[in-house]
Amino acid sequence: MSQDSNETAPLAQPPASLDTAPPPPREFSPSEGKAWGIAVAGWLLPGLGHALLRMWGRASVVFVTVGLLVVVGASMRGNLFTSEGNDAFDTLGYVADLGAGSFYFLARAVERGGPDVSHAGGDYGTRFLATAGVLNLLAALHAYEAARGRKA
Amino acid sequence: MSLLSPLNLTHIQSFLLFAAVISLAFGFLGRRRPKDRVKYILWSFFLFLLVGIGIAWAMYPFSR
């Protein structure tokens, strides 16, 4: 289409000024659904979100770092919070721990002796486990942003 | 009975391990080029040490 035809073509709607124009409705595009799927995959299995985007280096580092933090935390007999917390801090701890996805349930399966926070090591282990979850949530968010083309 | 062998790390060992692992993850997630990643990892690790030891020194007068 030439430039002249653009100038003479009738407009379907009169142009609205920038001040009064309503924002365009936000639609759920297939790429956004894919990005959400990648984020959920990255949460369920650390590194899977980046692996689906073929970011192999990031995928392997996320998998190793989150896995290492979980293994070290569980080996130090850190506290893995459950949904039956007594206060808000327990609930926050549960949310942080659950961020590790499948690794949370793996840690619960292998750590049958339960937590032992009577010594400092157990307390450090609790922090390692919570950090693993939060780090995995951060990685899943990064994969979501990368899938939407906002980050690379 | 735990399937994992118990691990006993000192405070400083835990601190160093934590700083190294998180710095590695930050470097790979935050930067794209390998050279930038190395610089970011080292800088992040250094800041972890600086802040951690700084807080430890700041708390020292209250420990006794």
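Residues numbered from 1 in each chain as written. Chains lettered and ligands numbered in written order. Predicted model: local features only at pLDDT ≥ 70, side-chain atom pairs only at ≥ 80, totals over all residues. Heavy atoms only, no water.

A. Expanded view of the interface of chain A and chain B. Contacts between the two partners involve 26 residues from chain A, matched on the other side by 23 residues from chain B. In terms of surface lost to chain B, no three residues of chain A exceed Arg58(A), Ser75(A) and Tyr124(A), which account for 24% of the buried area on that side. Inspection of the chain A/chain B interface yields zero salt bridges. At the boundary of chain A with chain B, the tally comes to five residue pairs in polar contact (both at pLDDT 80 or more). Secondary structure elements with two or more residues in the side of chain A that touches chain B: helix 4 (56–75), helix 6 (102–110) and helix 7 (120–147) of chain A. Looking at the side of chain A that touches chain B element by element, the count peaks at eleven residues for helix 4 of chain A. Looking at the side of chain A that touches chain B, its residues break down into 16 nonpolar, seven polar and three charged. (Contact = heavy atoms within 4.5 Å. Buried area = accessible area lost by both parts, 1.4 Å probe. Salt bridge = Lys/Arg side-chain N within 4 Å of Asp/Glu carboxyl O. Polar contact = N/O pair within 3.5 Å; in protein donor to acceptor, adjacent residues only side chain to side chain. Helix = DSSP H or I, 4+ residues; strand = E, 2+ residues; numbered from the N terminus. Nonpolar A, V, L, I, M, F, W, Y, C, P; charged D, E, K, R; others polar.)

B. Here's a closer look at unusual backbone geometry. Residues and elements named next belong to chain A. Positive phi outside glycine occurs at arginine 54, with the angle close to 65 degrees. If you trace the backbone, arginine 54 turns up in the loop between helix 3 (48–52) and helix 4. Its relative accessible area of 65% is what places arginine 54 among the exposed residues. (Buried < 20%, exposed > 50% of the residue type's maximum accessible area, 1.4 Å probe, protein only.)

C. Structural view of the layout of surface pockets. When its volume is computed, the largest pocket comes out at roughly 530 Å³. Lining the largest pocket are 15 residues; nearest its centre among them are Tyr124(A), His11(B), Phe15(B), Gly52(B) and Ile53(B). Going through the elements one at a time, helix 7 of chain A together with helix 1 (11–30) and helix 2 (34–59) of chain B are the ones with two or more residues in the lining of the largest pocket. Of the residues belonging to the lining of the largest pocket, the class tally is eleven nonpolar, three polar and one charged. (1 Å grid on protein atoms, 1.4 Å probe; cavity = no way out; pocket = protein on both sides within 12 Å on 5 of 7 lines; lining within 4 Å. Points joined across faces, edges and corners; volume = space filled by probe spheres on them.)

D. Structural detail: the side chain of Arg37(B). Positionally, Arg37(B) belongs in helix 2. Despite its burial, Arg37(B) pairs with no opposite charge, the nearest such side chain being Asp36(B) at 8.5 Å. Among all residues touching Arg37(B), those that are not within four sequence positions of it are Arg58(A), Gly27(B), Phe28(B), Arg31(B) and Arg32(B). (Lys, Arg positive; Asp, Glu negative; His and termini not counted.)

E. Main features of the pattern of salt bridges. Applying the stated criterion to the full structure yields two salt bridges over all chains. The partner of Asp123(A) in a salt bridge is Arg127(A), with the nearest N and O atoms 3.2 Å apart. With Asp123(A) and Arg127(A) both in helix 7, this residue pair falls four residues apart, about one helical turn. Given a relative accessible area of 33%, Asp123(A) falls into the partly exposed group. Among the ionic pairs, Asp36(B) bridges to Arg33(B), the shortest N-O distance being 3.1 Å.

F. View of the packing of aromatic side chains. Residue and element names in this part refer to chain A. All chains considered together, the criterion is met by eight aromatic pairs over all chains. Relative to phenylalanine 103, the ring of phenylalanine 63 has its centre 5.5 Å away and its plane inclined at 75 degrees; by these criteria the two rings are edge-to-face. Note that phenylalanine 63 is positioned in helix 4 and phenylalanine 103 in helix 6, a separation of 40 residues in sequence. Assessed through its relative accessible area of 10%, phenylalanine 103 is described here as buried. (Phe/Tyr/Trp six-rings, centres within 6.5 Å; stacked < 30°, edge-to-face > 60°.)

G. Spatial organisation of the packing of helix 4 of chain A against helix 7 of chain A. Residues and elements named next belong to chain A. Between helix 4 and helix 7, the shortest axis-to-axis distance is 7 Å and the interhelical angle comes to 160 degrees. When the axes of helix 4 and helix 7 are compared, the pair comes out roughly antiparallel. Helix 4 and helix 7 meet at a crossing whose hand is left-handed. Between helix 4 and helix 7, the contacting residues are Arg58, Val62, Thr65, Val66, Leu69, Val70, Val72, Gly73 and Ala74 on the first element and Gly125, Phe128, Leu129, Thr131, Ala132, Leu135, Asn136, Ala139 and His142 on the second. By residue class, the composition of the contact of helix 4 with helix 7 is eleven nonpolar, six polar and one charged. (Axes fitted to C-alpha atoms, helices over the stretch in contact; angles between N-to-C directions. Parallel < 35°, antiparallel > 145°, perpendicular 65-115°, else oblique. Left-handed = near helix turned anticlockwise from the far one by under 90°.)

Function cannot be read off these values alone, since they describe shape.
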